[in-house]
Amino acid sequence: MQKQLEEICAKALNEVENAQNSADIDAIKLEYLSRKSVLNNIKKGLKDLTPEQRPIVGAFANEVAQKIEQAVNEKEQAIYEKELNEKLESERIDITLPGRNIPMGKIHPLTQTVDEIVSIFQGMGFTITDNENSPEVETEYYNFDALNFPKDHPAKDMQDTFYTKVAPNVILRGQTSGAQIHTMETKKPPLRIISPGRVYRCESVSARKNNLFHQIEGLVVDKNITFADLKGVLNEFTRIYFGEARPTRFRTSFFPFTEPSAEIDVQCIMCKGKGCKVCSQTGWLEILGAGMVDPNVLKGVGIDPDVYTGFAFGMGVERLAMLKHAICDIRMFFNNDIRFLEQF
């Protein structure tokens, strides 16, 4: 048995020396050092030896096992270092090569415009209305009736409003003005809020119109609020937004939920008031509608119009962005053309 152990040791050490890779080492471990190895089977046969032979052969078997294990460990470490060096060499990276440019995403220009407008009005003491007070899926009551629209108003026609199949009176809102009613129903004056969001109208898509666009609604309700306050707030807004004191004008207009009402124009940014194609040779461009909150609207939400007055305004985000950045086609905001978007 001792001779057999010597033969096994010599064979194992020879195989270890000739091992070329990790797979060879694993095979040697399985053959000579595992529980099912020939060396372990010999150790199991020690019980058949005489009491005198058993400790001698057992000690020799352990010595052979240690010698094989030591040789395997040394060879395994050498093979590991060899294979690692080969891998590192094959995966070498030339750090002197110029790096590849990875395009970075940017905030969409409409989102930038909304953030800028909101920041300006927050600086004037306005707060953003709660999301639940400005839903995009709205009822006719909040989109029209509570805003003093007559029952037969043309804006309620199917050609102007997107009606849903949820219920006969459930629509996609055509304006953010419904946020006024939701807010005044849940909060009492004084109020100074803005409500940005998307609105939907049955419009023919063109360079200046889209059936989806963005608005920012503003509302102030308090004691002794006058039209002069409205003019002061909007003139200050245009000054900050356009970065200069741009000439503005207030034109008489009509909105069912404000009285008196006005549309506000700014001097054309393209021609500086001299007249061009963009402003139809007028020198002016409309940016928003505004007016004093109609007493009927205040009464409808339980606010006494003899005690409180207020003003409201609504502006198109796309129109303001087009004016500020001299963009001539509203569709450019929605076409996802990277050449256009990367400029912002």
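No experiment lies behind these values; they were computed from the predicted model shown. (Residues numbered from 1 in each chain as written. Predicted model: local features only at pLDDT ≥ 70, side-chain atom pairs only at ≥ 80, totals over all residues. Heavy atoms only, no water.)

As for the overall build of the protein
Right, on to step 1. For the protein, the helix and strand inventory stands at eleven helices and ten strands.
Right, on to step 2. By its C-alpha atoms, the protein is 120 × 50 × 40 Å across when sized along the principal axes.
Right, on to step 3. Expressed as a percentage of the 344 residues in the protein, the buried residues total 40%.
Right, on to step 4. Within the protein, residue pairs in contact and separated by at least 24 positions form 66% of the contacts whose partners lie at least 6 positions apart.
Right, on to step 5. Per element, the accessible surface of the protein, about 19,700 Å² overall, is 52% carbon and sulfur.
Right, on to step 6. Counting 41 positive and 48 negative side-chain charges, the protein places the averaged centre of each group 3 Å from the other. (Helix = DSSP H or I, 4+ residues; strand = E, 2+ residues; numbered from the N terminus. Buried < 20%, exposed > 50% of the residue type's maximum accessible area, 1.4 Å probe, protein only. Contact = heavy atoms within 4.5 Å. Areas by Shrake-Rupley, 256 points an atom, 1.4 Å probe, with all protein chains shown as cover. Lys, Arg positive; Asp, Glu negative; His and termini not counted. Charge placed at Lys NZ, Arg CZ, Asp CG, Glu CD.)

Regarding the side chain of Gln-180
Right, on to step 1. Inspection of the secondary structure assignment puts Gln-180 in helix α7 (residues 178–186).
Right, on to step 2. Those residues in contact with Gln-180 that sit more than four places away from it in its chain are Leu-147, Glu-217, Leu-219, Phe-257 and Ala-312.

Topic: the pairing of strand β8 (residues 258–267)
Right, on to step 1. Where burial is concerned, most of β8 is hidden: seven out of the ten residues are buried.
Right, on to step 2. Pairing geometry for strand β7 (residues 248–255) and β8, over seven bridges, is antiparallel. By the bridge assignment, Phe-250 is partnered in β8 with Ile-264.
Right, on to step 3. Linking β7 to β8, which pair antiparallel, is a turn of two residues.
Right, on to step 4. Here β8 runs beside strand β9 (residues 284–293); their pairing, made up of eight bridges, is antiparallel. What sits directly across from Glu-263, in β9, is Gly-289. (Pairing = 2+ DSSP bridges.)

Description of the packing of aromatic side chains
Right, on to step 1. Taken as a whole, this structure holds 14 aromatic pairs when the rule is applied.
Right, on to step 2. Each ring, one from Phe-121 and one from Phe-313, has its centre 5.1 Å from the other, and the planes form 25°; the classification is stacked. One end of the pair, Phe-121, is in helix α5 (residues 109–123); the other, Phe-313, is in strand β10 (residues 309–316), and 192 residues separate them in sequence. When sorted by exposure, Phe-121 lands in the same class as Phe-313, which is buried.
Right, on to step 3. Residues Phe-340 and Phe-344 carry aromatic rings whose centres are separated by 5.2 Å and whose planes lie at 65° to one another, so their mutual orientation is edge-to-face. (Phe/Tyr/Trp six-rings, centres within 6.5 Å; stacked < 30°, edge-to-face > 60°.)

Concerning the pairing of β9
Looking along a regular strand, one sees the side chains alternate between the two faces of the sheet.
Right, on to step 1. Burial analysis of β9 places eight of its ten residues in the buried class, the great majority of the element.
Right, on to step 2. For β9 and β10, the ladder comprises five bridges, and the chain directions are antiparallel. The residue bridging Gly-291 from the neighbouring strand is Ala-312, located in β10.

Some words on the sheet that holds strand β2 (residues 137–139)
Right, on to step 1. Taken in spatial order, the three strands make up an open sheet running β2-β4-β3, and their pairing is antiparallel. Every other strand in the sheet has two partners, leaving β2 and β3 (162–163) as the edge strands with one partner each.
Right, on to step 2. When β2 meets strand β4 (residues 170–172), the two strands line up antiparallel, connected through three bridges. If you follow Val-137 over to β4, its bridge partner there is Leu-172.

A short note on the packing of α5 against helix α8 (residues 227–242)
Right, on to step 1. Running from amino to carboxyl end, α5 crosses α8 at an angle of 130°, the nearest separation of the two axes being 10 Å. As the angle between them shows, α5 and α8 are arranged oblique. Like other packed secondary-structure pairs, α5 and α8 cross with a definite hand, here right-handed. On α8, the residues touching Thr-113, Glu-116, Ile-117, Ile-120 and Phe-121 of α5 are Val-233, Phe-237, Ile-240 and Tyr-241. (Axes fitted to C-alpha atoms, helices over the stretch in contact; angles between N-to-C directions. Parallel < 35°, antiparallel > 145°, perpendicular 65-115°, else oblique. Left-handed = near helix turned anticlockwise from the far one by under 90°.)

Brief notes about α5
Right, on to step 1. Helix length check: α5, at 15 residues, gives a terminal C-alpha distance of 21 Å against a target of 21 Å (1.5 Å per residue), a fit within 8%.
Right, on to step 2. Those residues of α5 not exposed but buried are Pro-109, Leu-110, Thr-113, Val-114, Ile-117, Val-118, Ile-120 and Phe-121. (Expected span 1.5 Å × (residues − 1).)

What about unusual backbone geometry?
Right, on to step 1. Between Pro-189 and Pro-190 the backbone carries a cis peptide bond, its omega angle lying at 5°.
Right, on to step 2. Among the secondary structure elements, Pro-190 is positioned in the loop between α7 and β5 (191–200).
Right, on to step 3. Put simply, Glu-259 and Pro-260 share a cis peptide bond, and its omega is 0°.
Right, on to step 4. Note on placement: Pro-260 falls in strand β8.
Right, on to step 5. Within the chain, Asn-148 stands out as a residue other than glycine whose phi angle is a positive 75°.
Right, on to step 6. Inspection of the secondary structure puts Asn-148 in the loop between α6 (140–143) and β3.
Right, on to step 7. Positive phi is not limited to glycine here, since Asn-224 has a value of about 65°.

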